2 protein chains.
Amino acid sequence: MAKCGDTWFFEKPVYIRSWASCVGTKEGEGPLGPDFDIVGKDNRFGQKTWEQAESRMVQIACQKAVFKSGLKPQQIGCFLGGDLLNQCISTSFAARQLGWQTIGIYGACSTMAEGILLASALIESGLEKTPLCAASSHFCTAERQYRYPLEYGGQRPQTSQWTATACGAVVLDGEQGKVRVTAATAGRIYDPGISDTNNMGAAMAQAAYETIASYFKDSGTSPADYDLIVTGDLSMVGKDIVEKLFRDDGIDMSVNYNDCGLLLYYVNEQDVHSGGSGCGCSAAVLCARILPELEKGNLRRVLFCGTGALLSPTSANQGESIPGICHLVCLESAV
Amino acid sequence: MAKCGDTWFFEKPVYIRSWASCVGTKEGEGPLGPDFDIVGKDNRFGQKTWEQAESRMVQIACQKAVFKSGLKPQQIGCFLGGDLLNQCISTSFAARQLGWQTIGIYGACSTMAEGILLASALIESGLEKTPLCAASSHFCTAERQYRYPLEYGGQRPQTSQWTATACGAVVLDGEQGKVRVTAATAGRIYDPGISDTNNMGAAMAQAAYETIASYFKDSGTSPADYDLIVTGDLSMVGKDIVEKLFRDDGIDMSVNYNDCGLLLYYVNEQDVHSGGSGCGCSAAVLCARILPELEKGNLRRVLFCGTGALLSPTSANQGESIPGICHLVCLESAV
């Protein structure tokens, strides 16, 4: 059966054929610095506004991913992308320049996993051969939209996360590639009642737990079956909660579980408090570290679990708590 | 071939099994008033804020569509939904209550067509049996987010459109239904350089023309092959431009072409200026008028072409012009 419980098991081969990442200066100074395809000289990428800079990063990452695939740009069947900005403008304005058929998606920081999940389904359907997905975020666009003007210099509590200036893009293919997408679980929305917008890791942790637990049940697997289980982005606070929720079920996640928000930065040295976040965080960690290790065969089987906090400043100001979602894709080395 | 040019031709049967609409008072007073499933007594739907009211409409329309399908709520495989609000909160907060696996999408006013397009592909893939799509908008949430506080009473130019207080929801099915989805074209983004946010019909018209023209080419059909070609929502200004662009190609669209923004209201009497707009406009017109006529066999073959203006107030304030997109689905009577 193609769907079991909440999980799609792909019957046709679905490959990730190529990928690319484009990040800002702070990300370039982090532990993955040498692994990114493009690190900006500054965070403007030659543009006048932060929003245009983020959009430019999407273009750069997409074009680089297509270049690395060896495909011609016109062979990309469709583009699935999203970001954190109101009305997803960094994606739309990039897509205006890129010219591909465009399917806009929104999953907050889970967007990259959502895109891979949908693009994989399009390959399974036989309707698309080589779709492309991307997700982006930019510290400066997110700060002024969600929090305070940069110039205000607001204090950040220790539970807060640092929105990554980053974009990742992947080209999927039904015929060739060194990494396979074998299964995917679209998440349900969970809301543990947290309304502190500086504590989004805690708000998303339950959704991560629920999706991963559903996937374990649907697939009949456990943490020991994976080289790496990675959420993105719960950071320190949320990761601890996920580990505790599984511990309560008698499942030990401590061995091979990590979070993209903790991999992108030197968390203690780079003043990012609880860790990284933003659609671009998990997207860039995927493209800079996880996919290359799968390609080399150093990792054989990875659960990539994108987590999103589905709030807006309006909902937060109205006193609503923060709904969380987690979309999961299972990635396997094909070498 | 499953994909020809930009168009997916579904090889498996894809049906729309049931649908429902939920609208506000002004929409209830329009020409489709008797055709909606639920018309609010007021535009609050028992909620404290306009945003919560919009979210409540999504819940109501989805629950009604599922009820009419005869399926149990837990049989809905996944929910694809989106709206105009920052971070798509009316969809996310509704999905929190509804409990289904949720795939967030963003296509501005093209969202309903985008949802049907993706849900159809999921059925074609064999991964989903009965997905559900919905799209919503609310006049009061859109005004304060995109334009002015309602209390300000800003003057509206004649090219402006009225954001519908409306939601439409459809349940798709791979096995049964009286309306079939036979083809779909995901749009590319076009930007004719218009930066007047009170003239979005003109901004979206080129995208509508391009997608419909691509579809005609891919399918080898012409307007005469359809009982109705309907965009949503270009309203008066944009509809005229689409007709002119086709006239320049020697194609007469005047016989069977209409726009959801002109069908939802008594345009001259209800003070909506150029016509209706908003994700909920085309979604509600689809569910209240187009699908019932296909179900009865009064319409045999319809092109439903959702059009979206992919701007944000931030992009507009930065002087950016307005990118437009159009997603198309071909609907055929199965009776």
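Quick caveat, the model's predicted, so the values are computed rather than measured.

*Asks:* So what about the packing of helix H2 (residues 50–69) of chain B against helix H3 (residues 89–98) of chain B? Which residues, and what values?
*Replies:* Residue and element names in this part refer to chain B. Direction vectors running N to C along H2 and H3 enclose 50 degrees, while the axes themselves pass 8 Å from each other. As judged from the angle between their axes, H2 and H3 are oblique. Here the hand of the crossing between H2 and H3 comes out right-handed. Of H3, the residues touching H2 (which contributes Glu51, Glu54, Ser55, Val58, Gln59 and Cys62) are Ile89, Ser90, Thr91, Phe93, Ala94, Gln97 and Leu98.

*Asks:* Would you mind going over the domain arrangement of chain A in detail, with residue names and values included?
*Replies:* Interface extent is often summarised as the accessible area lost during association of the parts. Residue and element names in this part refer to chain A. Here chain A is described as being made up of domain 1 (3–173) and domain 2 (179–333). One C-alpha centre belongs to domain 1, the other to domain 2; they are set 17 Å apart. Listed per partner, the contact involves 55 residues of domain 1 and 60 residues of domain 2. Tallying contributions element by element places helix H4 (residues 111–125) first for the side of domain 1 that touches domain 2, with seven residues. For the side of domain 1 that touches domain 2, the class distribution of residues is 30 nonpolar, 18 polar and seven charged.

*Asks:* Account for the relation of the copies chain B and chain A, naming residues and giving values.
*Replies:* Expressed as a screw transformation, the operator carrying chain B onto chain A has a rotation angle of 180 degrees and an axial translation of 0.0 Å, and the superposed copies differ by an RMSD of 0.0 Å. Such a turn and shift between the copies fits a two-fold axis. Interface residue correspondence from chain B to chain A reaches 100%, placing this contact among same-surface, isologous pairings.

*Asks:* Tell me about the environment of Ala95(A), residues and numbers included.
*Replies:* By secondary structure assignment, the location of Ala95(A) is in helix H3 (residues 89–98). Sequence spacing of Ala95(A) and Ala108(A) is 13 residues, and the spatial spacing of their C-alpha atoms is 18 Å. For Ala95(A), the contacting residues outside a window of four places in its chain are Phe79(A), Gly81(A), Trp100(A), Thr102(A) and Ile189(B).

*Asks:* For the interface of chain B and chain A, give the residues involved together with the corresponding values.
*Replies:* Chain B puts 51 residues into the contact, and the matching count from chain A is 51 residues. Of all elements in the fold, only H3, strand E6 (102–104), helix H4 (111–125) and helix H10 (313–317) of chain B reach the threshold of two or more residues within the side of chain B that touches chain A. Element by element, the count of residues in the side of chain B that touches chain A is highest for H4(B), at six residues. Per-class residue counts for the side of chain B that touches chain A are 23 nonpolar, 18 polar and 10 charged.

About the thresholds
Residues numbered from 1 in each chain as written. Chains lettered and ligands numbered in written order. Predicted model: local features only at pLDDT ≥ 70, side-chain atom pairs only at ≥ 80, totals over all residues. Axes fitted to C-alpha atoms, helices over the stretch in contact; angles between N-to-C directions. Helix = DSSP H or I, 4+ residues; strand = E, 2+ residues; numbered from the N terminus. Parallel < 35°, antiparallel > 145°, perpendicular 65-115°, else oblique. Left-handed = near helix turned anticlockwise from the far one by under 90°. Contact = placed C-beta atoms within 7 Å. Domains from an automatic or database assignment. Nonpolar A, V, L, I, M, F, W, Y, C, P; charged D, E, K, R; others polar. Least-squares fit on C-alpha atoms with pLDDT ≥ 70 in both.

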